[in-house]
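Below, each chain spelled out in residue letters.
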Amino acid sequence: MSNDEGMTIFEKIIRREIPAEIVWEDDDVLAFRDVNPQAPVHVLIVPKRAVARLADATEADGALLGKLLLASRQVAEKLDLLKSGYRVVINSGPDAGESVPHLHLHVLGKRALAWPPG
Ligand code: 5GP
């Protein structure tokens with residue numbers, strides 16, 4: 001889903017060039033609602049520094065990966081998911097259905113989620 005200039009839609013959201021409903025952010029991470037929600041709560045969490053996908057992460061990204069997981073907990077707390085539960089998903093690569101080449105965590109909640117996923 002890169003555009004002509006090679007910038008993904010998520011980079012444009014991070015730069016505030018296109019709108020998104022932002023639910024949480026800090027210096028390194030931005031969380032916003034998915035435009036096509038698959039559950040009553042469906043939030044995407046992205047690093048502001050672009051990493052294409054989990055498969056491309058390196059040792060140097062370790063702290064950032066930890067921040068993303070901790071951000072998912074912040075989002076879960078803010079959106080009242082801690083008690084009811086929630087799922088955190090990362091799609092990496094074609095078989096997983098990755099559609100935007102900028103690492104992102106999905107946080108899904110407020111409905112019972114089936115397992116295994118399709
Ligand atoms: P993936 O399939 O790569 O794991 O997830 C990409 C997600 O980005 C999808 O759930 C899709 O609905 C979401 N998405 C795609 N374009 C936009 C957009 O412009 N704004 C927002 N908020 N979400 C988007």
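Look a little higher up for the structure.
Quick caveat, the model's predicted, so the values are computed rather than measured.

### Brief notes about the overall build of the protein chain
Consideration 1: A count of helical and extended segments in the protein chain gives 2 helices and 5 strands.
Consideration 2: Over its C-alpha atoms the protein chain spans a radius of gyration of 14 Å, differing by no more than 12% from the 13 Å that the globule rule assigns to 118 residues.
Consideration 3: Overall, the C-alpha framework of the protein chain stretches about 40 × 30 × 30 Å when taken along its three principal axes.
Consideration 4: Out of the 118 residues in the protein chain, the part that is buried amounts to 36%.
Consideration 5: Pairs at least 24 apart in sequence give 51% of the contacts found in the protein chain among residues at least 6 apart.
Consideration 6: When the accessible area of the protein chain is evaluated, it comes to approximately 7000 Å², of which 52% is carbon and sulfur surface.
Consideration 7: In the protein chain, which carries 14 positive and 17 negative side-chain charges, the distance between the mean positions of the two groups comes to 7 Å.

### Let's talk about the nonpolar core
Within soluble globular proteins, side chains that are nonpolar tend to cluster in buried spots.
Consideration 1: Trp24, Ala31, Val43, Ile45 and Val75 are the most contacted members of the largest nonpolar core, which has 18 residues in total.
Consideration 2: The set of elements that each furnish at least two residues to this core consists of strand 1 (22–25), strand 2 (29–33), strand 3 (41–47), helix 2 (62–78) and strand 5 (105–109).
Consideration 3: Tallying contributions element by element places helix 2 first for this core, with 5 residues.
Consideration 4: Among residues more than four places away in sequence, those in contact with Trp24 are Val29, Leu30, Ala31, Ala71, Gln74 and Val75.
Consideration 5: Counting residues in each nonpolar core, the second largest holds 8 residues, with Phe10, Ile14, Val46 and Val100 among its members.

### Re the site of the ligand
Consideration 1: In the region of the ligand, 16 residues are neighbours, and Asp34, Asn91, Ser99, His104 and His106 sit closest.
Consideration 2: One nitrogen or oxygen atom from the side chain of Asn91 is found 2.9 Å from an oxygen atom belonging to the ligand.
Consideration 3: Residue Val100 places a main-chain N or O atom 3.2 Å away from an oxygen atom belonging to the ligand.
Consideration 4: Contact with the protein chains removes 83% of the 520 Å² of surface that the ligand exposes when unbound.
Consideration 5: Of all the elements in the fold, those that place two or more residues in the shell around the ligand are helix 1 (9–14) and strand 2.
Consideration 6: A total of 3 residues in the shell around the ligand trace back to one element, the largest contributor, which is helix 1.

### Re the sheet that holds strand 2
Consideration 1: The strand order across the open sheet built from 5 strands is 1-2-3-5-4, with neighbouring strands paired in antiparallel fashion. At either margin of the open sheet sits one strand with a lone partner, and together these are strand 1 and strand 4 (86–89). On average, each strand axis in the sheet is inclined to that of its neighbour by 20 degrees, with strand direction left out of account.
Consideration 2: For strand 3 and strand 5, the ladder comprises 5 bridges, and the chain directions are antiparallel. By the bridge assignment for strand 5, Val43 is matched with Val107.
Consideration 3: Running at roughly 150 degrees to strand 3, helix 2 makes contact with strand 1, strand 2, strand 3, strand 4 and strand 5 of the sheet.

Cut-off values and rules
- Every chain is numbered on its own, with residues counted from 1 as its sequence reads.
- Local features are withheld for residues below a pLDDT of 70 in this predicted model, meaning they are given only at 70 or higher, and side-chain atom pairs are given and counted only at 80 or more; totals for whole chains, interfaces and linings count all residues.
- Each side-chain value is derived from all of the structure's non-hydrogen atoms; neither hydrogens nor water enter the calculation.
- Under the scheme used here, helices are H or I runs from DSSP no shorter than 4 residues and strands are E runs no shorter than 2 residues, and both carry numbers assigned from the N terminus.
- Radius of gyration: C-alpha atoms only; globule rule: 2.2 Å multiplied by the number of residues to the exponent 0.38.
- Working definition: with a 1.4 Å probe on protein chains only, accessible area under 20% of the residue-type maximum means buried, over 50% means exposed, and in between means partly exposed.
- The criterion used for residue contact is that any of the two residues' heavy atoms lie within 4.5 Å.
- In these tables, accessible area is a Shrake-Rupley quantity obtained with a 1.4 Å probe, and a residue counts as shielded only by the protein chains included in the view.
- Positive charge is attributed to Lys and Arg, negative charge to Asp and Glu, and no charge count is given to His or to the chain ends.
- By convention, the charge on Lys lies at NZ, on Arg at CZ, on Asp at CG and on Glu at CD.
- Working definition of a nonpolar core: buried Ala, Val, Leu, Ile, Met, Phe, Trp, Tyr and Cys residues. They are joined through side-chain atoms within 4.5 Å.
- If even one non-hydrogen atom of a residue comes within 4 Å of a molecule or strand, that residue is called near it.
- The definition of a polar contact used here is a pair of N or O atoms within 3.5 Å, where within protein one atom must be able to donate a hydrogen and the other to accept one, and adjacent residues in sequence count solely through side-chain atom pairs.
- Two strands qualify as a pair provided DSSP detects at least 2 bridges between them.
- Lines are fitted to the C-alpha atoms to define the axes, a helix being fitted only along its stretch in contact, and any angle between axes, read from their N-to-C directions, falls within 0 to 180 degrees.

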